[in-house]
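# Inside the fold
As a plain string of letters, each chain reads:
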Amino acid sequence: MGRGISYSVARNFAGRGFRIGMVSRETAALKDFEGRIEGSRGIPADAGNEAELRAAIREFGAAEVLVYNASAGHAGPATALGVEDAITDFKVNALGAVVATQEVVPAMRAAGRGTILFTGGGLALQPMAQLASLSMGKAAIRNLTFAMAEELEPAGIHVATVTVCGFVQPGTKFDPDKIAEVYQALHEQPRDKWEREVIFK
């Protein structure tokens, strides 16, 4: 949970009657968000720490919608990227999404419905040499979306990614409130019109 896309998406869904569960490493930030979004609850956890993330999501209980918006990246080209740094980033960028999904899917399967939304990035389509680690992560989350969609759509679970091809900033074309509307629209899509990716550019 952060002050950009995450906050805008959470506020958007809350405005439609959803109870919001939030995860962040920053306890103070979670308290602030709880004060801003009525009825919301924040649990501190690191998206790159499997045990913490699983425990946090389990505390929320069954979910109708999962939004995974975490990312991490050590700057620099692939030729200078430390293996441990790359692994640390990949745990946040992709494996955290796997963990989060594994936690919510059983209840969604039982209900016969659910929505899982991942935040992607333009680096998945146009990687940058100086952001090699994050580029790999965004490519992975895009790939993961399509693999999970193939697996989970027959169970009535909609999996999609919003590939944001620009710098998120209020008052611009990439205003987080505008991007949040895409997440809501994906959740509301009828099953026969499900999209697996929206490229926001």
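### A look at the overall build of the protein chain
Each helix and strand counted, the protein chain has 6 helices and 6 strands in total. Helices and strands in the protein chain line up, N terminus first, as α-β-α-β-α-β-α-β-α-β-α-β. For the protein chain, the C-alpha radius of gyration of 16 Å lies close to 17 Å, the compact-globule estimate for 201 residues. The C-alpha extent of the protein chain, read off along each of the three principal axes, is 45 × 40 × 35 Å. Element-wise, carbon and sulfur atoms account for 52% of the exposed surface of the protein chain, whose accessible area totals about 10,300 Å². For the protein chain, the distance from the average site of its 21 positive side-chain charges to the average site of its 23 negative ones is 3 Å.

### Some points on the pairing of strand E3 (residues 65–68)
Summarising the sheet, E3 and strand E4 (residues 114–121) pair through 4 bridges and their orientation is parallel. Of the residues in E4, the one forming a bridge with Tyr68 is Phe118. In this fold, E3 hands off to helix H4 (residues 83–111), which returns the chain to E4; that crossover is right-handed.

### What about helix H2 (residues 27–36)?
Inspection of H2 places Ala29, Leu30 and Phe33 among the buried residues, and these make up the whole buried set. In an axial view of H2, the angular spread of the buried residues amounts to 100°, which keeps them on one side of the axis. In H2, the exposed positions that point more than 90 degrees away from the buried face belong to Ala28, Lys31 and Gly35. In this structure, the buried side of H2 is in contact with helix H1 (5–14), strand E1 (21–24) and strand E2 (41–44).

### Examining the sheet that holds E4
Strand order in the open sheet formed by 4 strands is E3-E4-E5-E6, and the pairing between neighbours is parallel. Whereas interior strands pair on both sides, the edge strands pair on one side only; in this sheet they are E3 and strand E6 (197–200). In this sheet, adjacent strand axes meet at a mean angle of 15° when their direction is disregarded.

### A short note on the side chain of Asn93
One can find Asn93 in helix H4. Here Asn93 falls in the buried class, since its relative accessible area comes to 4%.

### Some thoughts on the pairing of E1
Regular strands have side chains that alternate between both faces of the sheet. Alternating residues of E1 divide into Met22 and Ser24, all buried, and Gly21 and Val23, none buried. By the bridge criterion, 4 bridges tie E1 to E2 in an arrangement that is parallel. Within E2, the position partnered with Gly21 by the bridge is Arg41. At this point the chain moves from E1, through H2, to the parallel E2, and the crossover so formed is right-handed.

### Remarks on the pattern of salt bridges
Under the defined criterion, the tally for this structure stands at 12 salt bridges. With a closest N to O distance of 3.8 Å, Lys31 and Glu34 form a salt bridge. Within this pair, Lys31 and its partner Glu34 are both found in helix H2, separated by 3 residues, close to a single helical turn. Across the salt bridge formed by Arg113 and Glu64, the nearest N and O atoms sit 3.2 Å from each other. Pair noted here: Arg113 is in the loop between H4 and E4 and Glu64 is in the loop between helix H3 (50–60) and E3, with a separation of 49 residues, a long-range link. A residue is classified by how much of its surface remains accessible, and Arg113, at 48% relative accessible area, is partly exposed. Taking relative accessible area as the criterion, Glu64 reaches 33% and is therefore assigned partly exposed.

### Focus on the environment of Arg54
Here Arg54 lies in helix H3. With 52 residues separating them in the primary sequence, Arg54 and Gly2 have C-alpha atoms 19 Å apart. Filtering out sequence-adjacent residues up to four positions away, Arg54 remains in contact with Val99, Gln102 and Glu103. At a separation of 2.5 Å, a polar atom in the side chain of Arg54 contacts the side chain of Gln102.

What counts and what doesn't
- Residue numbers restart at each chain and count upward from 1, following the sequence in its written direction.
- Per-residue local features are limited, in this predicted model, to residues with pLDDT of at least 70; the limit for side-chain atom pairs, both in listing and counting, is 80 or more; totals at the level of whole chains, interfaces and linings are taken over all residues.
- To obtain the side-chain values, all non-hydrogen atoms of the structure were used and water was disregarded.
- Helix and strand assignments follow DSSP, with helices taken as H or I runs no shorter than four residues and strands as E runs no shorter than two, numbered in order from the N terminus.
- The globule rule is 2.2 Å times the number of residues to the power 0.38, and the radius of gyration it is compared with is taken over C-alpha atoms.
- Calculation of accessible area relied on Shrake-Rupley with a 1.4 Å probe; when residues are assessed, cover is drawn exclusively from the protein chains displayed.
- None of His or the chain ends enter the tally, which takes Lys and Arg as positive and Asp and Glu as negative.
- Where a charge sits is defined by one atom per residue type, namely NZ (Lys), CZ (Arg), CG (Asp) or CD (Glu).
- Strand pairing follows a simple DSSP-based rule, namely that at least 2 bridges must link the two strands.
- Seen with its strands pointing away from the viewer, a crossover is right-handed if its path from the first strand over the helix to the second goes clockwise.
- Each residue gets one of three labels from its accessible area relative to the maximum for its type: buried under 20%, exposed over 50%, partly exposed in between, using a 1.4 Å probe on protein chains only.
- The arc in question is formed by the directions pointing from the helix axis toward the C-beta atoms.
- Residues are treated as being in contact if the distance between any of their heavy atoms lies within 4.5 Å.
- Between N-to-C directions, angles span 0 to 180 degrees; the directions come from axes that are lines fitted to C-alpha atoms, helices contributing only their stretch in contact.
- The working definition used for a salt bridge is a side-chain nitrogen of Lys or Arg within 4 Å of a carboxyl oxygen of Asp or Glu.
- Counted as a polar contact is a pair of N or O atoms within 3.5 Å, where, for protein atoms, one must be capable of donating a hydrogen and the other of accepting one, and residues adjacent in sequence contribute only when both atoms are in side chains.

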